[in-house]
Structure formats: structure tokens, C-alpha cells
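# Examination of the molecular architecture
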Amino acid sequence: MSGEVKAIFEPKSVVLVGASDGIREGIVSPAFFHSLVHNMHRFKGKTHVVDLSGKLEGAIKNLNQVPKGRDLAVVLLPSKLVMKNWRNLLNLAIKAIILVPGGFDQQQRKELARGVAKRKVCILGPNATAGVINTSKGLYATLERGFMPSRGGIAVISKDGAVGMAILDWARFYGVGVGKFASTGDGVDVTEADLLEFLTRDKETKVICIYLESVRDGRRFIGLIREAVKKKPVVVMNGGTARDERDKIFAAYLKQVGAIRVGIVEELLGVADALAKQPPMQGDRVAVVTNASGAATLVVDALSRKGFGLAELSDKVTKKITGKYPDINIADWVDLGIGAKADRYKFVLEQVLSDHGVDGVVVMNELKLSFLEPEDVQAIAEVAEKSKDKPVVSVTVAGGACVLVREAVKGKNVPVYDSPEKAAQALDALRFYGKTRAKVEKGV
Amino acid sequence: MGLVADKKKVAEILNSIRKDGRRELVELESKRVLAAWGVPVNRTELARDLSEAVKVAREVHYPIVLKIASPDIIHKSEAKGVKVGLSSELELRQSFGELIDNARAYKPDAKIIGLTIQEYIPPSREVIVGALQDPSFGATVMFGLGGVWVEVLEDVSFRLAPLSAEDAREMIQEIKGYPVLAGIRGTPPADVGALVDIIQKVGQLAHEFPRIAEMDLNPIFVFDDGKGAVVADARIVLRESE
């Protein structure tokens, strides 16, 4: 790699190369080229569109007419046409080139690699079918319309384009903000490891999520994760190892260097959301605060399965709470009562968080629509955002209720889950990252 | 990690195996490598014939363990090539020929170097430490309790080498059978610190000698806390080519 990975995520100028008519092969089609051009309209830098079929109004017809020294080219052409135009492309002195389609044979890949060796350029792909996104720059160089996630501190690297798009799809579904995204595909030049290295240094990125298949230089990769977790959490999902013993071995490597491993896309985003929004957890004792006492049983079960214990509130805190609200029942969990409103949520959560016997809090709401209003839920977010050393996560046991709670705290730094298991997994990840941080600080 | 590693000596032994055109080290050679690397092994001596055996056994002290030594026989128990706890010269004399006969019956063309006379270790908790080279990630260490724990329950843990003491401790605590080592129903805890040391050393050895494709220290006897651990059998296999 001789170019700058930075140009992939933070280009000031982008050249889109494709054909608006005539050429169809695999992922290459006029429809996708139109989508790509459309998706880039939010880009805050300069966009040049090169239409080799010469039909798109206002587009450049010939590569030779593209101004030299642009930052990033996104190429949507079949392999044969890429190779035919390869020299012209290289002559443009572009810093980074994304080759979206796959289908490059051994010989063609070698030629691509030679280009990288000779020029100051880096290549993402071929087969980088999900493209690249940087939401804060309006960079949305991908083929599907309407998959742009909201802004956020999570960065996603995906080996596979389809899995990458699925991650973006779920991110949108759950309203999880994504800052940067890239799919690496065949990785003739830039690999997941290179992107990981960049994102480790990237100030906007709070959490790094990676979807992997095989790893070429495992030693380097594992070393890079070790470095990354000193600065921010890394969440890994991998495919293709479940059939043999290496699955267990790979899981052990990740654990050893402090990466959090998850099984499915929903878990990836759920865990990453918590890591992006809440501080790491420093112990095992969780306080459960709820307006629906019965359903809290399920939360306690889910927490126990992850090896958490229930926090016991001190007499002082208990007295403060019951002194102000005598009807609040404090036993295994804090039962606010079904009519709890914002003032009660706020006061009780603040008290619970101030207790030295509490390492983290789960707020479980059953949404009695007639009682709980958006501002009541916002009180949770308000307290959670102020908590600097103890995580607060919110959970419902009902799906529809979860959508409403999420809507009420949209854009706020409190993760909201639709099942106790997911909430417990989120706290588990926060606890694991807390331990990792402690090890880093101890230097072991 | 109290490392008294003799890198030169290990390289010498491995080179001589290569020169022999072999990949597989016999138990005695494997233990020499481990001993040179500072891993505690039970005293193990070669006897090429009976008179040598009688002499060596007196030095090792009865009771002893007698095992067939052949580069062609990997599973010595399967070949009925092991006698444990021989307590006298009479028993040694009775067993010597028997083990050689058994080996011949098991594998007629096996090259038999002789028998090893080994220090007998009284029954204690058994663990296994192994190493492998992952094609992408490199030297990797495996840990498990002996016998059914590993073979049936697959209750093992892995870590990338080299390992910190904390890594080694975590991999010991991670297995489901850990309470067996921590001490259950009145049994005192096992010497986990000694295991941490062995695991770290095995990891370092596999990391510094990538030509070691596989290592299997099985069983390792681990004594009560403060009393150490000792490797009772070991197998090292080299990579196919340099």
C-alpha cells in the first residue's frame, strides 16, 4: 500500500467512474450507477462524474478530462473495462481507488497490484461492493439507495459487501448512528487491518466494528487490535470458522487482546451502541430500576445468566429515596410504581448511581401509554448522559414499546433494547471493556 | 516467568532430529528439549538393554516407570509398551522383555531404541498443555484437564503465544473443569502458579521455534499449591520442511 487510507474516508474530491447506459455485468448496471451518483449529492466536497457511455448530462465523457490529483475514485465498471482504462486511471494521480465490482482474475489482480507498487495510490477492493460511507462528510459512495445511516461514533469495516449492507440496514432499523463504513472485498491492497489502523487513530470514531472472514496476516491483525483497544473498543463478528476447532481458537485470540466477539449483526450493533454511548463498567453489581415490577424478573434472570449480581443499595440511599417517595418499593430491584413520572425517574436514578455499591444500571420500562410520556423517558436519557463512570442502559420487554422509547430518546446517549438479554449482553460488553481498560492501565 | 532457557541446546536437539530425517521426537528427546527450556520433567533415562536398565533403575530409584522408546511408536500405551510403578529389580527383569515383545507384535518393523526408565510420580491431578502453529496467527497454546475432560468434553482453552502470566492464568480459569484445580470438597488447591509457568514457557518455545509444528505435554502432574508440577510424557513434532 503506497497511498493514503485517509483518502478513502476523508476525500475532499471524488471521481465517480461508470456508465449510465449499455453496460451490464454482475453488479455493474446503469441503475446502480444512477444510484451512486444520486447518493453522492449530499457530499460536502467536489464530485466529478465520468460517464463512459457519454449520455449523462453534465458528466465527463472521457477519463483524460478529469482534473488530476483528486482524492478518491469510485469505479463501477466490469473488470475488463477497468483493465482497459487502468493506465488512464493511474495517470490521474488519484490517491485512492475503490473498485466496486468483483470478477478480477489472477492476472488482472497482479496488474492492479503492480499499479499500486509503482504509483502513490491505494486500492480498496475489487469486490468492495458496499463501497464507503462517512456520514459527517456526506460521503455516501454506495449502490443502494436509502441505506444512509444517521451520524454517530461507530465505524464499521466489512469484508463482505452484502453483510456490510445488512449491518447498515439494521443500523437504520435500530437508529444506531454510524460515522464511517467501508467494505474491503478481495483486498488486493487495503485490508481490514489497514482500515483498523486508520480508525484507531481517527478521533471521530468511538467504537470499531469489524466483520471478518479469513485473516491473511493474523499476527499483524491481532497486534493492531491490541493497540486499538487501548484507545477504543473493538467489536468483531466473523464468518466461516464455525465448522472447525479454529472457531474456538479465534474466539480465544480476540478475548486475549481485548476485542468483543459477537455472533450476529443485531448483537454487533446492540453492543456497539452501548459502547459508543455509555462508559465502561467497573464491576459486576447491577441495580434494576423499573416501573413494572413483575417483568423485572426477566431482567434479573438475563443479568444472572451473564454472571452479574444485583446491587444492594446502602441504607443512606434507600432512606433518601423512600423519604421522598414513600410508595417506592426497594427489594431486589427498585420498583418506582406504575405511575412514575420524569421527576421520580430522575431523582431515583441519580440516587442509585451515587451509591458505591452500584456498578451499572438497567432501567426497565413497561410502557403504560396512559402514564409514561416521552418527557418521562427523556429523564432517563438526561441522567444516563451525565453518568461518567457507571453505564445506564434502558430496556423494555415489549417490541412496540421499545420503538416508542427509542423515538423519545433519539439522538441521546442512552442505548435502548427490546429484550433483557440484549441489555445484559450490552452490559457484559461494557464490563469486558472495563476489564480491558484496567489491564491496559496496569500494563499487563 | 523464571526462564532458564537454553536456546542453543534446543536448536541442537532439533537439528539432530532433522539430520536423522525425522519429524517426530521420541519422548526422551521431547523431554530433553523441554528440560533445556526450563520446563520441569520427571527424570527419564534411556536403557538400550537389560543390564543398562538395571543400572539406570538403581540411580533413578524404585518405584519406576518403564516405557518403550521407538520413533515409530507414538501411542505407547496402545502398543502395551508402558509399565507403571515397578518396585523392584525382579519386576524390571520380568517386564523388560515383555515390553519389547509387545512392541514387536504391535508393529513388527518398528525401530526400537530401547526402553526409558522414568521416575514414578504418585497419582495426582493431571492436565494437558499443547501447542500448535496456526497458519495465519502463529504459535498457539492449548490447555485442558487430562483424560475425559479433553477427549469427551472438549473442555480446552487457547491463547496466542507469547502469553503474559495473566493470559496463562485466564486460560486456566476459563475451562469448565477449573474447580478441580481450585479445590473441591476439601481438596486443597493445585499449584496453578506452576502451571502458569509451564504454559508461558511452552508458548515461548513454540513462538521462538516455528519449526515446532506441534507439542503435546500429556499428562502433566500438578501437585498441591506450592509443590509444583511435572511433565510425565511429552511429544514434539516438527514441521514438514524448514
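Calculation criteria
- Residues numbered from 1 in each chain as written.
- Chains lettered and ligands numbered in written order.
- Predicted model: local features only at pLDDT ≥ 70, side-chain atom pairs only at ≥ 80, totals over all residues.
- Heavy atoms only, no water.
- Helix = DSSP H or I, 4+ residues; strand = E, 2+ residues; numbered from the N terminus.
- Buried < 20%, exposed > 50% of the residue type's maximum accessible area, 1.4 Å probe, protein only.
- Contact = heavy atoms within 4.5 Å.
- Areas by Shrake-Rupley, 256 points an atom, 1.4 Å probe, with all protein chains shown as cover.
- Lys, Arg positive; Asp, Glu negative; His and termini not counted.
- Charge placed at Lys NZ, Arg CZ, Asp CG, Glu CD.
- Rg over C-alpha atoms; globule rule 2.2 N^0.38 Å.
- pLDDT = per-residue confidence, 0-100.
- Buried area = accessible area lost by both parts, 1.4 Å probe.
- Salt bridge = Lys/Arg side-chain N within 4 Å of Asp/Glu carboxyl O.
- Polar contact = N/O pair within 3.5 Å; in protein donor to acceptor, adjacent residues only side chain to side chain.
- Pairing = 2+ DSSP bridges.
- Axes fitted to C-alpha atoms, helices over the stretch in contact; angles between N-to-C directions.
- Patch = residues over 30% accessible without salt bridge, like charges linked within 9 Å, V, L, I, M, F, W, Y side chains within 5 Å.
- 1 Å grid on protein atoms, 1.4 Å probe; cavity = no way out; pocket = protein on both sides within 12 Å on 5 of 7 lines; lining within 4 Å.
- Points joined across faces, edges and corners; volume = space filled by probe spheres on them.
- Nonpolar A, V, L, I, M, F, W, Y, C, P; charged D, E, K, R; others polar.
- Domains from an automatic or database assignment.

### Quick notes on the overall build of chain B
- A count of helices and strands for chain B gives 8 helices and 10 strands.
- For chain B, the spread of C-alpha atoms along the three principal axes comes to 50 × 50 × 35 Å.
- When each of the 242 residues of chain B is scored for burial, the buried share is 52%.
- Of the contacts made within chain B by residues no fewer than 6 positions apart, 64% connect residues no fewer than 24 positions apart.
- If you sum the accessible surface of chain B, you get close to 11,000 Å²; carbon and sulfur atoms cover 51% of it.
- Charged side chains in chain B number 31 positive and 37 negative. The centres of these two groups are separated by 4 Å.

### Quick notes on the overall build of chain A
- Assigned secondary structure in chain A consists of 16 helices and 19 strands.
- For 444 residues, the compact-globule estimate of 2.2 N^0.38 gives 22 Å, and chain A sits close to it at 25 Å.
- Seen through its C-alpha atoms, chain A measures out along the principal axes to roughly 80 × 45 × 35 Å.
- By the burial criterion, 57% of the 444 residues in chain A qualify as buried.
- Taking the contacts inside chain A whose residues are at least 6 apart along the sequence as the reference set, 76% of them involve residues at least 24 apart.
- Carbon and sulfur atoms make up 50% of the accessible area of chain A, which totals about 18,400 Å².

### Quick look at the confidence of the model for chain A
- In the predicted model, chain A carries a mean pLDDT of 93, and the fraction of residues at 70 or more is 98%.
- For chain A, helix H15 (residues 399-408) of chain A is the element with the lowest average pLDDT, namely 87, and strand E8 (residues 154-158) of chain A is the one with the highest, namely 98.

### Quick word on the side chain of Gln-118 of chain B
Residue and element names in this part refer to chain B.
- Along the chain, Gln-118 falls in strand E4 (residues 114-119).
- For Gln-118, a relative accessible area of 1% gives the class buried.
- Residues within four places of Gln-118 in sequence aside, it is in contact with Glu-27, Lys-31, Asn-42, Arg-43, Thr-44, Val-60, Ile-64, Val-65, Lys-67 and Ala-232.

### Regarding the interface of chain A and chain B
- In this assembly, 18 residues from chain A lie in contact with 21 residues from chain B.
- Surface buried jointly by chain A and chain B totals about 1,700 Å² across both partners, of which 51% is contributed by carbon and sulfur atoms.
- Considering only the side of chain A, the residues that lose the most area to chain B are Arg-219, Tyr-253 and Gln-256 of chain A, jointly responsible for 37% of the buried surface there.
- Counting every contact that joins chain A to chain B gives 3 salt bridges.
- With a closest N to O distance of 2.5 Å, Lys-439 of chain A and Glu-170 of chain B form a salt bridge.
- Taken together, the links from chain A to chain B amount to 15 residue pairs in polar contact (both at pLDDT 80 or more).

### Side note on the sheet that holds strand E1 (residues 13-18) of chain A
Residues and elements named next belong to chain A.
- Pairing is parallel across the open sheet formed by 5 strands, whose spatial order is E2-E1-E3-E4-E5. Strands at the two margins of the open sheet, each flanked by one partner only, are strand E2 (46-51) and strand E5 (122-124). Sheet twist, expressed as the mean angle between neighbouring strand axes with direction ignored, is 20°.
- The pairing of strand E3 (residues 72-75) with strand E4 (residues 96-99) spans 4 bridges and is parallel. Bridge assignment links Val-75 to a residue of E4, and that residue is Leu-99.
- The strands touched by helix H2 (residues 30-39) are E1, E2 and E3; relative to E1, the strand with the most contacts, the crossing angle is about 165°.

### A closer look at a positive patch on the surface
Residues and elements named next belong to chain A.
- On the surface, a cluster of positive charge is made up of Lys-6, Lys-12, Lys-44, Lys-137 and Arg-151.
- Note that Lys-12 resides in the loop between helix H1 (6-9) and E1.
- Relative accessible area serves as the criterion here: at 64%, Lys-12 is assigned to the exposed category.

### Some words on empty space enclosed by the protein
All names here are of chain A.
- On inspection of all chains with the given rule, the structure shows 1 cavity of 30 Å³ or more.
- Considering only enclosed or pocket space, the largest cavity measures out at about 40 Å³ in volume.
- Lining the largest cavity, in full, are Ala-287, Val-288, Ala-311, Leu-313, Ile-330, Ala-331, Asp-332, Trp-333 and Val-334.
- Of the residues belonging to the lining of the largest cavity, the class tally is 8 nonpolar, no polar and 1 charged.

### A look at the sheet that holds strand E9 (residues 178-183) of chain A
Residues and elements named next belong to chain A.
- The sheet built from 7 strands is open, its strands ordered E7-E6-E9-E8-E10-E11-E12 with mixed pairing. A strand with exactly one partner marks an edge of an open sheet, and here the two such strands are strand E7 (139-141) and strand E12 (260-262). Strand-to-strand, the axes of this sheet are offset by a mean angle of 15°, without reference to chain direction.
- By the bridge criterion, 3 bridges tie strand E6 (residues 132-134) to E9 in an arrangement that is antiparallel. When the sheet's bridge partners are listed, Asn-134 is paired in E9 with Lys-180.
- Docked against the sheet, helix H6 (residues 161-174) engages E6, E8, E9, strand E10 (207-212) and strand E11 (234-238), running at close to 165° with respect to E9.

### Section: unusual backbone geometry
Residue and element names in this part refer to chain B.
- For the bond running from Ala-161 to Pro-162, omega is 0°, close enough to zero to count as cis.
- Along the chain, the position of Pro-162 falls in the loop between strand E7 (156-160) and helix H6 (165-174).
- Residues Asn-218 and Pro-219 are joined by a peptide bond in cis, for which omega reads 0°.
- With respect to the helices, strands and loops of the structure, Pro-219 is situated in strand E8 (residues 212-222).
- Even without being glycine, Lys-80 reaches a positive phi, approximately 50°.

### Regarding the domain arrangement of chain B
All names here are of chain B.
- What the domain assignment lists for chain B is domain 1 (1-42 + 121-242) and domain 2 (43-120).
- The centre of domain 1, based on its C-alpha atoms, is set 24 Å off from the matching centre of domain 2.
- With 14 residues of domain 1 in contact, the opposing surface of domain 2 contributes 14 residues.
- Looking only at domain 1, the three residues that lose the most surface to domain 2 are Leu-28, Asn-42 and Ile-121, adding up to 44% of its buried area.
- At the surface where domain 1 touches domain 2, the tally comes to 4 salt bridges.
- A salt bridge links Glu-27 to Lys-67; the nearest nitrogen and oxygen atoms lie 2.9 Å apart.
- In this structure, the connection of domain 1 to domain 2 is made through 11 residue pairs in polar contact (both at pLDDT 80 or more).

### A short note on the pattern of salt bridges
- If you walk through the whole model with that rule in mind, you get 46 salt bridges over all chains.
- Lys-180 of chain A is the salt-bridge partner of Glu-10 of chain A, the closest N and O atoms lying 4.0 Å from each other. Taken together, the positions of Glu-10 of chain A in the loop between H1 and E1 and Lys-180 of chain A in strand E9 put the pair 170 residues apart, joining distant regions of the chain.
- Through salt bridges with shared partners, a single ionic network connects Lys-255 and Lys-439 of chain A together with Arg-159, Glu-170 and Glu-174 of chain B.

### Focus: the domain arrangement of chain A
Residue and element names in this part refer to chain A.
- Examined at the domain level, chain A breaks down into domain 1 (6-275) and domain 2 (280-441).
- Contacts between domain 1 and domain 2 engage 18 residues on the former and 14 residues on the latter.
- Interface of domain 1 and domain 2: buried area, both sides summed, is about 1,300 Å²; carbon and sulfur atoms make up 65% of it.
- Among the residues domain 1 hides against domain 2, the three largest losses belong to Tyr-174, Lys-230 and Ala-274. Together they make up 32% of the total.
- Put simply, Glu-266 and Lys-422 hold a salt bridge, and the shortest N to O gap is 3.0 Å.
- Elements represented by at least two residues in the side of domain 1 that touches domain 2 include exactly E12 and helix H10 (265-277).

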